[in-house]
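Tertiary structure, described
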Amino acid sequence: MDLLEYQAKEIFHKIGIPVLPSQTIKEPRELKQLQIPYPVVLKSQVRAGGRGKAGGIKFVGNTIDAIAAARTIFNLSIIGEYPEVILAEAQYDAQEELFLAVVLDYQLKLPVLLGSAKGGMDVPLLLDNLQQVVVATEFSPFYARRLVSKMGLSGELIQSVSDIIVKMYRIFQETDLDFVEINPLGINAEGKLMALDGKIKINELAVIRHPEIISLSAKSDLSLVSREQLDLNDRSQLQLQWLDWQDEKGKIAIIANNPDLGTLCWDLIRQNKEKPACGVVVPWDKEVEESDGVENLCLTLQQALEQLQDVKRLKVIMINIWASPSVNDKIAQKILDYYSPYIEKPVNHGRDERSLVANGSLLPSQRQSREKSTSNLQLSQGIKVVIRLADHEIDRFRTKSDSELLYWTNNLEEAVTQAISLAKSR
Amino acid sequence: MNWILEEPIIIQGITEPGVANYAAKMKAYGTNIVAGVATGKQETTLEDIPLFNLVEDITEQLGRVETSLIFVPPELVLDAAREAIAAGLHYLIIVTAGVPSLDMIRLLQETPEDILILGSGSRGIIVPEKACLGTLQPEYFIPGSVALISCSEFLTYEVAWELNNQGLGQSIVFDVGNDPILSSNLPQWLTFLDQDSETEAIVLIQQVKDIEKFAVDLIETKVNKPIVTYIAGLQTPQERILQNATTIVASYLSASIPAQNTNKKIISSLKKAGIQVAETPAQIPAMITCKSK
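Residues numbered from 1 in each chain as written. Chains lettered and ligands numbered in written order. Predicted model: local features only at pLDDT ≥ 70, side-chain atom pairs only at ≥ 80, totals over all residues.

1. Some details on unusual backbone geometry
At the junction of Tyr38(A) and Pro39(A), the peptide bond is cis and its omega measures out at 0° in the coordinates. Unlike most non-glycine residues, Asp176(A) shows phi in positive territory, near 55°. Tracing the backbone through its elements, the reader meets Asp176(A) in the loop between α5 (156-174) and β9 (177-187). At Glu129(B), a position not held by glycine, the phi torsion is positive, near 65°. (Helix = DSSP H or I, 4+ residues; strand = E, 2+ residues; numbered from the N terminus.)

2. Concerning the domain arrangement of chain B
Residue and element names in this part refer to chain B. Domain annotation for chain B reports domain 1 (1-122) and domain 2 (141-293). The distance between the C-alpha centroids of domain 1 and domain 2 comes to 27 Å. Each partner contributes residues to the interface: domain 1 has 16 residues there, and domain 2 has 11 residues. Elements supplying a minimum of two residues to the side of domain 1 that touches domain 2: α5 (101-110) and β7 (116-118). With five residues, α5 is the largest single contributor of residues to the side of domain 1 that touches domain 2. (Domains from an automatic or database assignment. Contact = placed C-beta atoms within 7 Å.)

3. Looking at the interface of chain B and chain A
The interface of chain B with chain A comprises 42 residues on the first partner and 46 residues on the second. Of all the elements in the fold, those that place two or more residues in the side of chain B that touches chain A are α5, α6 (153-165) and α9 (245-253) of chain B. Ranked by residues supplied to the side of chain B that touches chain A, first place goes to α9(B) with seven residues. Grouping the constituent residues of the side of chain B that touches chain A by class yields 24 nonpolar, 14 polar and four charged. (Nonpolar A, V, L, I, M, F, W, Y, C, P; charged D, E, K, R; others polar.)

4. Describing the packing of helix α4 (residues 77-86) of chain B against α5(B)
Residue and element names in this part refer to chain B. Remark: α4 packs on α5, axes separated minimally by 9 Å, with the N-to-C direction vectors making an angle of 15°. As judged from the angle between their axes, α4 and α5 are roughly parallel. Handedness of the crossing formed by α4 with α5: right-handed. Residues Val77, Leu78 and Ala81 of α4 form the contact with α5, whose participating residues are Asp103, Arg106 and Leu107. Across the contact of α4 with α5, the residue classes tally to four nonpolar, no polar and two charged. (Axes fitted to C-alpha atoms, helices over the stretch in contact; angles between N-to-C directions. Parallel < 35°, antiparallel > 145°, perpendicular 65-115°, else oblique. Left-handed = near helix turned anticlockwise from the far one by under 90°.)

Structure representation (structure tokens):
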């Protein structure tokens with residue numbers, strides 16, 4: 001979870017890192033009651049980087065200019081994000097600008113201190129001068145002094161900048177951060193330090209135990225819900241979860257009971273030179289499977305089927321679900337019930353009807369004989385369904401639905417081949 | 001292997017929702033579960049497993065214990081692990097997922113080298129028809145000589161399904177977990193399996209988002225037994241998770257640093273190192289049979 005600049009600065013202020021007097025503005029009119037003397041800086045409060053270059057920071061000398069500038073900033077989106085708040089801040093005459101950060105390095109599995117004597121907006125220059133100190137043991141202020149010395153600072157700055165880093169590390173540790181950054185840390189002619197901009201990212205997994213931070217950004221981040229709420233949602237109504245990728249030209253939709261299974265199906269379809277349209281995960285929980293939650297799960301599956309009927313150009317739904325055999329029975333029944341109005345009465349063709357030729361596609365003569373009846377479908381718009389259940393006795397479902405609409409298999413590759421051949425037909 | 005098959009095993013957090021079911025399943029499978037930790041409970045047993053307030057109460061009353069399965073809520077994992085280590089346990093499987101990253105880092109920093117931790121977010125270990133530690137479904141595995149190391153429960157089932165269809169059973173199945181900070185690393189498990197007499201070949205199941213570090217570890221570790229890897233998500237436009245502090249900072253500072261697709265390069269470097277890369281789970285059995293001949 002990323003905090004906005006003004007939220008980060010509140011935390012800096014509490015721990016004793018110097019910040020400038022500032023005020024948050026929710027609409028341009030509020031600038032009439034500004035408590036900070038002009039000239040001031042108006043800063044768009046968005047999470048995206050590169051804010052200054054995009055025009056999200058403006059220097060103003062009086063109320064009239066400030067209101068005009070604020071209007072512009074509120075209407076300026078930075079990488080798709082409009083600010084809800086503008087920070088009005090006093091100006092600072094920085095002679096030098098430093099970059100400081102404490103970052104959790106997932107590769108080293110350790111916190112790392114980073115610093116550059118060339119802070120500010122010139123990113124390549126900043127990175128060229130970036131120094132790093134790995135905090136390999138319990139943190140102690142000497143790590144901070146080591147970084148400052150590597151940055152090439154001298155004199156009184158060694159101690160004063162180290163003190164800032166020590167405070168940053170305290171925030172990092174106490175609030176479970178992934179990341180805290182001050183850029184720039186301004187140094188004025190008298191050698192006084194000032195955190196002019198800051199970023200804080202809280203570890204997603206730890207947000208839950210920092211209610212003070214949640215309240216800080218409650219309005220700006222709706223994704224935050226307490227664990228109790230999450231648990232309630234999990235139990236009563238299972239939410240469909242869509243895979244992150246979509247393809248408008250795709251003809252096959254995926255339903256799986258786990259994101260990794262969805263990913264696997266996506267891979268297999270793409271490897272066979274076909275485009276999946278989208279994927280949806282029906283959240284499955286073994287604990288739910290054991291209690292009476294199976295009916296809920298089946299309802300979620302039905303919901304997924306219903307929502308996919310609206311996807312344009314869709315020709316095939318491919319289902320890949322892993323569950324115990326008794327649950328498979330219920331899943332199959334749900335699918336059969338859902339499609340029963342469109343399935344003709346069983347005919348005595350036996351299973352030869354769906355026997356595969358070597359390349360996995362259906363025998364063409366048998367396909368045509370059924371074309372007529374299935375093309376009458378209205379609700380399902382002729383979307384066919386390939387169902388892969390990891391069940392050793394998959395045949396028991398096949399005989400129940402003697403139709404071209406539903407194809408049952410326990411072999412994943414066969415399911416993919418079948419889905420692709422159906423997507424390519426007609 | 002003794003710590004999996006024979007030594008007594010305890011469960012911390014046995015009264016958390018759903019855990020009693022897993023405990024009963026594990027016991028029924030023949031796993032040597034001897035006790036559970038549940039602080040301040042009135043009941044003295046759960047699923048015929050005796051309950052204790054503290055890990056050290058168990059070691060005092062029942063004798064030495066080597067292994068603990070940790071199911072406590074994420075924010076209590078660090079404390080539970082410390083308690084187990086203080087009581088003299090050597091093997092911890094952290095089943096709980098979503099443990100705050102700094103807690104895991106603290107745990108790694110203070111854990112002595114002779115203690116092995118799996119997870120967090122590990123679904124455990126299975127030795128087919130002998131022992132089941134954790135939440136993997138044992139019915140999807142059959143005994144044999146292929147070891148699986150995985151970070152995904154359902155991809156493990158898919159791979160086992162394909163292996164089983166070709167009569168290739170499994171010697172042992174490890175789920176290393178899926179949390180951002182994992183305790184035990186790949187080299188440790190590879191070395192362990194290389195020495196394991198029941199294992200003839202190793203299959204690694206990995207996700208594309210973590211492929212970089214995975215490849216480095218895999219190439220650097222010397223293993224004599226044949227290895228096949230399957231990497232899921234190569235065809236998806238997934239964002240790579242940034243791992244390294246400098247890269248994280250650079251991407252923060254400039255939104256415009258292009259994400260490089262280095263997957264092809266990584267895969268060819270794996271192949272150069274003699275590691276077979278399967279494109280689908282179904283290709284894995286053939287690669288194993290070819291190589292072990």
